[in-house]
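# A look at the structure
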Protein chains: 2
Amino acid sequence: MSASLGPARVRGFRFAGVAAGIKTKVGALDLGLVVADNPSPAAAVFSANKVKSATIYVTKDHIRAGKLQAVTVNSGCANSFTGRAGIKLAEDSCHAVGVALGISPRLVAPNSTGVIGHLYDLGKYEMGVNAAAAALRETGIEDFTRAIMTTDTRPKMAHAKLRLGGRSVTIAGAAKGVGMIAPNMATMLAYIVTDAAATAAGLRAALKFSVPSTFNAITVDGDMSTNDTVILMAGGAAGNRAMSAADRERFNRAVRDVCAALARELVRDGEGATKLVTIRVRRARSVSDAERCARQIANSPLVKTAFFGCDPNVGRIVMAAGSSGAHVEAEKLTLAIGGVRVASRGALQIAALPAAQKKMREAEFVVDLDLGLGAASATILTCDLSYEYVKINAEYTT
Amino acid sequence: MSASLGPARVRGFRFAGVAAGIKTKVGALDLGLVVADNPSPAAAVFSANKVKSATIYVTKDHIRAGKLQAVTVNSGCANSFTGRAGIKLAEDSCHAVGVALGISPRLVAPNSTGVIGHLYDLGKYEMGVNAAAAALRETGIEDFTRAIMTTDTRPKMAHAKLRLGGRSVTIAGAAKGVGMIAPNMATMLAYIVTDAAATAAGLRAALKFSVPSTFNAITVDGDMSTNDTVILMAGGAAGNRAMSAADRERFNRAVRDVCAALARELVRDGEGATKLVTIRVRRARSVSDAERCARQIANSPLVKTAFFGCDPNVGRIVMAAGSSGAHVEAEKLTLAIGGVRVASRGALQIAALPAAQKKMREAEFVVDLDLGLGAASATILTCDLSYEYVKINAEYTT
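Residues numbered from 1 in each chain as written. Chains lettered and ligands numbered in written order. Predicted model: local features only at pLDDT ≥ 70, side-chain atom pairs only at ≥ 80, totals over all residues.

What follows concerns the overall build of chain A. Summing up its helical and strand segments, chain A has eleven helices and 15 strands in all. Radius of gyration (C-alpha) of chain A: 22 Å, near the 21 Å computed for a compact globule of 398 residues. The principal-axis extent of the C-alpha atoms belonging to chain A is close to 70 × 50 × 30 Å. A separation threshold of at least 6 residues defines the contact pool for chain A, and within that pool the share at least 24 residues apart is 81%. (Helix = DSSP H or I, 4+ residues; strand = E, 2+ residues; numbered from the N terminus. Rg over C-alpha atoms; globule rule 2.2 N^0.38 Å. Contact = placed C-beta atoms within 7 Å.)

The following block contains the structure:
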């Protein structure tokens, strides 16, 4: 089983996306709201950046009790690098949501994305929340997803269904780019809801199982935003009995499938990206070596411009591997691009380069680096570095 | 005293640069030669990349005895990722130089830069060496420097003079880009010669003193080439007496000044660079924190595209600092761009942004980040990320 792209309904959850006037463009959707019928078990993971958005501090505080009932996400303003005023604004925002929905503000996670260093207008936010509360629909996930977009060119949704404890269960997710991992400070945000009955501890375990190989295995420039957040909520409307160990395993896999589908969409819609490239490093001495190596390749501007130019530039890939800090021996490594072996045990295969170049013209290909040293491996998804990336990021203004 | 840009003569050294046919473009200078009148004390530092050019293995082996008499540098072919055949080619090249000059091959350092994975033609190399040997001149340093260029747009030379042990002494250096630190695998190479009398140990100490704050404090994309090499040779023609401790200190400073001038030129001529930016991180908890922070800012594509767009994007700089792994507290940091304070103890200074933007239109400015946490500092030179960078690197073919 794997996840499908696109929207899905999840019993017990309603969604809305409205224009609150936080973005400067008049009428642009900029406030998303997800509401569960009841206080629901929830878990989250957050940016590891030392500079965190005020919204992360407040969300962390609220989720500590293991339950949430509503998540708001505004785009257009990150409420990051805003000090105590930012914390107060996030708390006042939760209060507004609590009033609009008739729930405790402590059941609200107030997320933000957009330009940093600025505060949004609380009055506009309150009016937006009221409008969103009135617009809530079971089928509203696409509106929600559109409202949280910044430089994304399209909304990103995925879902999976499975049988659990005798009942049919749906897991649905919505995410926003990452034009890049740290896109204009625009943040990677993902929200996943399910009608399964689960405990907060079970949800934490599901995220712990899912995030390393999905949201944490994508990159475009190696930075991380101050606002990155993934939230998972379980409403319980499916009425499944408490999960067995086997159920938990299947549930975790399904959550991971949804995360993986969203993560792929994030990279595919990277700022200026024209190609989705999977960097697979195998037979490294250790997992940390394999990851370091894969990340250095995935983040190297020289490698990424070569991807853009469809250039099977073995030198740049080998150089990135060698400079990663991982143990690498040139004479032992074998490299394939799009399944074409371009270096074999340390020797460049010049005759193979035209075939590799042809593969690189496709929208998606795999770079497979076999270090020939051990048994550990790692995989990272990345995209190319194009003129359009420079254009988007040079012309964006604070 | 600080170094001056441009060529200089150094008694006891002759230089040449010729077209050997290693580059595909007919008539392009591609073989440089430096020869000392006598076997001379020498020291070197090399790339830390785990994948090293064959030329580095051979140069390391030859310099172990503490003396060199000749350095050859070919452009157009890096002789890297070439296995045992590459080592043999580098040794055969030393042999050719030895024959042409009537010296031991073990007194020759055979450097290379250019495309990796390929071997150059030894016959062409030999003919080139013979032509270079015939062309050697005391005033030939500019020809030499032009012959070692790859994507450099201009030759980079610097020199300094000082009094040492009662004699006038000259230190002259030549370097090649780095379009970027890892330019098309094109390598950072620098050669510094002096007529001072010095020991190999003294020269090693001078490089150890000079390189960390100069060649190792510049970056454009955080990668490092497989061929990076800095060589320092002292011919002794100045006839100064053995250096006192004070002399050594002044000599080391002068070497560092020459290295610093060359390093600056390397960044200024970065691939597609339109701006030279100094990233200064102050009041960090430790030097390693300060360096990590400065490097993350200096290498962030989001920060570098903002430099290109003259955008005083505080958010991206703060995000990079926070994601560096260094200890950072948002509410303690103060940031100035071009001397304009754009964030003060964690608060964005919106009114100051237009003035900062104006400063960013200049060809050179300083980003000064005060972490407010300790007493350590670090400085890194970087450049912006432009369309031209993508163009150069996407269109370069293996």
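It is worth spelling out the interface of chain A and chain B at this point. Facing 52 residues of chain A, the contacting portion of chain B comprises 52 residues. Put simply, the parts of the chain that give the side of chain A that touches chain B at least two residues each are α8 (301-308), α9 (314-322), β13 (347-348) and α11 (387-395) of chain A. In terms of residue count, the dominant contributor to the side of chain A that touches chain B is α9(A) (eight residues). Per-class residue counts for the side of chain A that touches chain B are 27 nonpolar, 18 polar and seven charged. (Nonpolar A, V, L, I, M, F, W, Y, C, P; charged D, E, K, R; others polar.)

Moving on: the pairing of strand β4 (residues 67-75) of chain B. All names here are of chain B. The buried fraction of β4 amounts to eight of the nine residues, a majority that puts the element mostly inside the structure. In the sheet, strand β3 (residues 31-46) pairs with β4 via seven bridges, with the strands oriented antiparallel. Pairing of Pro-41 across the sheet is with Lys-67, part of β4. As paired elements, β4 and strand β5 (residues 108-113) share six bridges and run parallel to each other. (Buried ≥ 20, exposed ≤ 12 C-beta atoms within 10 Å, placed from the backbone. Pairing = 2+ DSSP bridges.)

Looking now at the relation of the copies chain A and chain B. Between the two copies of the chain lies a relationship made up of a rotation around an axis and a movement along it. Least-squares fitting of chain A to chain B yields an RMSD of 0.0 Å, with the superposition described by an axial translation of 0.0 Å and a rotation of 180°. The two molecules are tied by a two-fold rotation axis, judged by turn and shift. When each C-alpha of chain A is compared by its distance to the rotation axis, Tyr387(A) comes out closest, at 2.8 Å. (Least-squares fit on C-alpha atoms with pLDDT ≥ 70 in both.)

Let us look at the confidence of the model for chain A. All names here are of chain A. Confidence in the prediction of chain A, expressed as mean pLDDT, is 92, and 95% of residues score 70 or more. Ignoring residues within four places in sequence, the model shows residues 180-186, a span with pLDDT below 50, making 40 contacts including any to other chains. Reported confidences for the modelled complex are a pTM of 0.87 and an ipTM of 0.81. (pLDDT = per-residue confidence, 0-100.)

Our next topic: the sheet that holds strand β14 (residues 364-370) of chain A. Residues and elements named next belong to chain A. Overall, mixed pairing links the six strands, which are arranged β13-β12-β11-β14-β10-β15 in an open sheet. Either end of the sheet is taken by a strand with one partner, and the two such strands are β13 and β15 (376-383). The pairing of strand β10 (residues 276-284) with β14 spans seven bridges and is classified as parallel. Counted as the bridge partner of Val-277 is Phe-365 from β14. Relative to β15, helix α6 (residues 245-268) is tilted by about 50°, and along the sheet it contacts β10 and β15. (Axes fitted to C-alpha atoms, helices over the stretch in contact; angles between N-to-C directions.)

Moving on, we come to the pairing of strand β3 (residues 31-46) of chain A. Residues and elements named next belong to chain A. Where strand β2 (residues 13-18) lies against β3, six bridges are found, and the strand directions are antiparallel. Bridge pairing links Phe-15 to Val-34 in β3. One ladder, built from five bridges, connects β3 with strand β9 (residues 229-234); its direction is antiparallel. Residue Ala-42 lies in a different strand from β9, and its bridge partner there is Met-233.

The pairing of strands in a sheet happens through backbone hydrogen bonds and is either parallel or antiparallel. All names here are of chain B. Judged by pairing direction, the sheet is mixed, and its six strands sit side by side in the order β13-β12-β11-β14-β10-β15 without closing on themselves. At either end of the open sheet lies a strand with only one pairing partner, and these are β13 (347-348) and β15 (376-383). In this sheet, β15 lies alongside strand β10 (residues 276-284) in antiparallel orientation, the contact comprising seven bridges. Bridge assignment links Ile-279 to a residue of β15, and that residue is Ile-380. Helix α10 (residues 353-360) contacts β11 (334-337), β12 (340-344) and β14 (364-370) of the sheet and is inclined by roughly 130° relative to β12.

On to the domain arrangement of chain A. It is common to give the size of an interface as the accessible area lost on bringing the parts into contact. Parsing chain A into structural domains produces domain 1 (4-268) and domain 2 (276-395). Using only C-alpha atoms to locate each centre, domain 1 of chain A and domain 2 of chain A end up separated by 33 Å. (Domains from an automatic or database assignment.)

This part is about the environment of Thr274(A). All names here are of chain A. Looking at the secondary structure, you find Thr-274 in the loop between α6 and β10. The class for Thr-274 is partly exposed, based on 16 C-beta atoms found within 10 Å. A sequence separation of 263 residues divides Thr-274 from Arg-11, and the C-alpha atoms of the two residues are 37 Å apart. Apart from the residues lying within four places of it in its own chain, the contact partners of Thr-274 are Phe-308, Asp-384 and Ser-386.

Residue and element names in this part refer to chain A. Among the residues making up helix α10 (residues 353-360), those that are buried are Leu-353, Ala-356, Gln-357 and Met-360. Seen end-on, α10 carries its buried residues on one side only, within an arc spanning 105°. The inward-facing, buried residues of α10 abut α8, β11 (334-337), β12 (340-344) and β14. (Arc of directions from axis to C-beta.)

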